[in-house]
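# Notes for the structure review
Now for the letters of each chain:
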Amino acid sequence: MNLRHIEIFHAVYVNGSVSAAARALNVSQPSVSKMLRHAESLLGFQLFQRTNGGLVPTEDAHTLFADVKEIQDRVMGLREAGRNLRRGTGGTLRILALPSLALEAIPAAVSHFLRSHPDVKFDLQTAHHDDLLRKLYEREADIAIACEVPAAAPIAQRWIGESELVVLYREQDMPDAPSCVELQRLKGQPFISLASSGPIGQLFTQELQRLDLELDAVVSARTFYMAGALVRQGIGMTVVDNFTAQAYLAPGLSMRPLKPRVAFDIHAMFLINRPPSALATDFLKTLGRILDAP
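Predicted model, so just to flag it, every value in this text is computed and none were measured.

Criteria and cut-off values
- Throughout this description, residue numbers start from 1 for each chain and increase along the sequence as written.
- With the structure being a predicted model, the display of local features is reserved for residues of pLDDT at least 70 and the display and counting of side-chain atom pairs for 80 or more, all residues being used for whole-chain, interface and lining totals.
- With hydrogens and water stripped out, all remaining heavy atoms of the structure feed into the side-chain values.
- Side-chain rings of Phe, Tyr and Trp, where Trp is taken by its six-membered ring, are said to pair if the distance between their centres is within 6.5 Å; with planes under 30 degrees apart they count as stacked, over 60 as edge-to-face, and otherwise as tilted.
- Numbering goes from the N terminus for both helices and strands, where a helix is a DSSP run of H or I of at least four residues and a strand is a run of E of at least two.
- Burial classification: accessible surface area is computed with a 1.4 Å probe over protein chains only, and a residue below 20% of its type maximum counts as buried, one above 50% as exposed, and the rest as partly exposed.
- Note on contacts: a residue pair is in contact if any heavy atoms of the two residues lie within 4.5 Å.
- Think of the arc as the fan of directions from the helix axis to the C-beta atoms.
- Here a salt bridge means any side-chain nitrogen of Lys or Arg lying within 4 Å of a carboxyl oxygen belonging to Asp or Glu.

Now for the packing of aromatic side chains. Scanning all chains against the criterion turns up eight aromatic pairs. A centroid spacing of 5.6 Å and a plane angle of 85° characterise the contact between Phe 113 and Phe 283, whose relative ring orientation is edge-to-face. Of this pair, Phe 113 sits in helix α6 (residues 105–116) while Phe 283 sits in helix α11 (residues 278–292), and the two are 170 residues apart along the sequence. Across the pair, exposure class does not vary: Phe 113 and Phe 283 are buried alike. Among the aromatic residues, those joined into a ring-pair cluster are Phe 9, Tyr 13, Phe 48 and Phe 65.

Here you go:
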């Protein structure tokens, strides 16, 4: 049986007659009857008993229908997916991102995107930098949003925006903070270190080394959101990306960019043989606008 045989059998079984199946498929009754007889000839057994009341499925037809229904449902799903792709609607976007971007930037981009693409579904995950490539290779996500692309990795990438490091602090701990803060100003203050927190932590460490500066780290946090929570509890100040800081702002907390500015790029990574779809490309443009917003 080919897909046309399956479609005809399914339509007759569900609708109960050749005429009703023909109307459902928008074809002629003779063509339905011909394809049904051909299917029975290929199978070597009857699918329906012809009675005065119409067609009655045989026991073999009942047995066959379970598999036929699954195939027909998958074919219908494939057709709907194709229509959605042509319209640029529907479908599922599987996005993987660093936790720092998932706090503010990704949710904001999803909110904006759904206003113009209400039929799209999202499968969102977070992972630390060392796990991003593994999850891409294992097909757990289609796109990974990160701040550093491994040089030797066999993946493709698109630049979508940039972020920067900022100081997150309690206003009572630095009441006269300028519009931009030099790292030397943090010396002597209780500091929450992020030295081991992936590429951004390394970027900050390199800036301290460039300045030949050592801060008074009272706690070492492995994640940006842990550092933000510690600042809220009055443990000390920290330096995180501006999206994490924005997500943790609350009465009594403020953020300031560094002087000189320490910025880093944000990329979308994907497998070379699985580039982003048109729908995913539209979402990345939306995310880029969120990243670029003041």
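After that view, the rundown keeps rolling.
With that settled, consider the side chain of His 10. Tracing the backbone through its elements, the reader meets His 10 in helix α1 (residues 3–15). Since its relative accessible area comes to 17%, His 10 is described here as buried. Those residues in contact with His 10, other than ones at most four positions away along the chain, are Phe 65, Val 68, Lys 69 and Gln 72.

Looking now at helix α7 (residues 129–137). Among the residues of α7, those classed as buried are His 129, Leu 132, Leu 133, Lys 135 and Leu 136. For α7, the arc enclosing every buried residue in end-on projection is 165°, short of the 170-degree limit, so these residues lie on one face. On its buried side, α7 packs onto β3 (92–97), β4 (121–126), β5 (143–146), β6 (155–170), α8 (198–211) and β11 (263–271). Where α7 terminates, the next one or two residues include Arg 139, which has phi positive at roughly 60°.

Turning our attention to the pattern of salt bridges. As enumerated under the stated definition, the model contains 13 salt bridges in all. The partner of Glu 40 in a salt bridge is Arg 50, with the nearest N and O atoms 3.2 Å apart. Of this pair, Glu 40 sits in helix α3 (residues 29–43) while Arg 50 is found in strand β1 (residues 48–51), placing the two residues 10 residues apart along the sequence. The salt bridge partner of Lys 135 is Glu 140, with a shortest N-O separation of 3.0 Å. Taking the relative accessible area as the measure of exposure, Glu 140 reaches 28% and is therefore partly exposed. What you see here is one network of salt bridges that share partners, running through Arg 134, Lys 135, Glu 138 and Glu 140.

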